[in-house]
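The residues making up each chain are set out below.
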Amino acid sequence: MEFTAKQIAELIGGRVEGNENATISTFAKIEEGLPGAISFLSNPKYTHYLYDTKSTIVLVNDDLQLEHPVQTTLIRVKNAYESVAQLLQVYEQMKPRHTGIDPLASVSAKATIGKDVYIGAFACIGDGAVIGDGTQIYPHVVIGDGVKIGQQCLLYPNVTIYQGCKLGNRITIHAGSVVGADGFGFAPNQKGYDKIPQIGIVIIEDDVEIGANTCIDRSTMGQTVIHRGVKLDNLIQVAHNCEVGENTVMSAQVGLAGSTKIGSWCMVGGQAGFAGHIQVADKTFVGAQCGVISNTKGQGEQLIGSPAMDPKLYFKAMAVMKHLPDMYRELNALKRQVEELSQKQ
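Residues numbered from 1 in each chain as written. Predicted model: local features only at pLDDT ≥ 70, side-chain atom pairs only at ≥ 80, totals over all residues. Heavy atoms only, no water.

## What about the overall build of the chain?
To be explicit about the condition: Under the DSSP-based scheme used, a helix requires at least four consecutive residues in state H or I and a strand at least two consecutive residues in state E, with every element numbered from the N terminus. For the radius of gyration, the atoms used are the C-alpha atoms, and the globule rule reads 2.2 Å times the number of residues raised to 0.38. Each residue's exposure class comes from its accessible area (1.4 Å probe, protein chains only) as a fraction of the maximum for that residue type: buried when under 20%, exposed when over 50%, partly exposed otherwise. Only the protein chains shown count as covering a residue, and every accessible area follows the Shrake-Rupley method with a 1.4 Å probe.
Helix and strand content of the chain: four helices and 39 strands. Against the 2.2 N^0.38 benchmark of 20 Å for 345 residues, the chain shows a C-alpha radius of gyration of 27 Å, more extended than a compact globule. With the principal axes as the frame, the chain shows a C-alpha extent of 95 × 65 × 30 Å. Burial statistics for the chain: of 345 residues in total, 40% are counted as buried. Split by element, the accessible area of the chain, about 19,400 Å² in all, is 53% carbon and sulfur.

What follows is the structure, encoded as structure tokens:
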């Protein structure tokens, strides 16, 4: 489908600067622009591409000052990044949706399937499972016995939801992710380890998105909970009995040990790790590769490093760290001088 600059501006509350009848039918990065595409500019580092881009339309921030004339049509908005996200959501919603149950799918007669549901080839739906209206289940997905999935969810290929878990509405889970596998619970004995049965479930609330190959373990007892609006990247491990607060986001390869409680609106960088049985306050910023080993102090705290610490302290420590070899040599030299003086007395 094609859209004019005027139509797009009306949709996102923007102002056209140039040809309001310019039409686009696709998206492109500003540095890879092509005719018929719309791009966006939000990072000042990419401003120089604006003057050469071949994209037909470019979204820019209201306060952008042009240094040279541009050939492309501009749409000025309050926040170009947010506006392109809004347009991409509209584009995604316009894609045709699958419906119906593939004859190669295995759906239990005891399952409840809502309206306009798609179940792809070789998907397996267990006894007592409930699938809400409009949910899309792609090929090779496994939905265990008694699982409840809400409306308008999207489960990509090879997702596995173990028995008894509960998912809300508008949840997206990308390929290969596992929800409800056993938590890591073993009791040592003289011969090895006794497995502790994991009899709890996982609850995922509305509007959560989970990246590919992420694992969320069921609780030993009770619930592992992912609250409303959480966004998890690829390859994240959430252990048994953890709780992730509303609208928290985590980058790839984050690991949460058992019974960790993460607050709402937290931001967690890639490869950060959390010790078990700790609490992280709301709106905490945790940097990449950070190691959080104890409760955080309060809302809005920033942490980096391992073990986690205040950024100012961390950078002071790193400034000293590079001098440690010289300091070590100087200390040894001083020790020798002290020993020599002691022997002379």
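Having seen it, we continue.
## What to know about the environment of Gly-164
The criterion, for reference: Two residues form a contact once any of their heavy atoms are found within 4.5 Å.
Locating Gly-164 in the fold gives a position in the loop between β18 (160-161) and β19 (166-167). For Gly-164, a relative accessible area of 22% translates into the label partly exposed. Sequence separation between Gly-164 and Ile-203 is 39 residues, and the spatial gap between their C-alpha atoms is 9.4 Å. Dropping the residues within four chain positions of it, Gly-164 is found in contact with Asp-145, Gly-146, Val-147 and Ile-201.

## Focus on the pattern of salt bridges
Definition in use: Any Lys or Arg side-chain nitrogen found within 4 Å of a carboxyl oxygen on Asp or Glu counts as a salt bridge.
Summed over the entire model, instances satisfying the criterion amount to ten salt bridges. Of the charged contacts, one joins Glu-31 and Lys-29 as a salt bridge, the two residues approaching to 3.9 Å between their closest N and O atoms. Residue Lys-29 is classed as partly exposed on the basis of its relative accessible area of 47%. Glu-32 is paired through a salt bridge with Lys-29; the nearest N and O atoms lie 3.5 Å apart. Put simply, Arg-170, Asp-206, Asp-207 and Arg-228 are held in one network by salt bridges that share partners.

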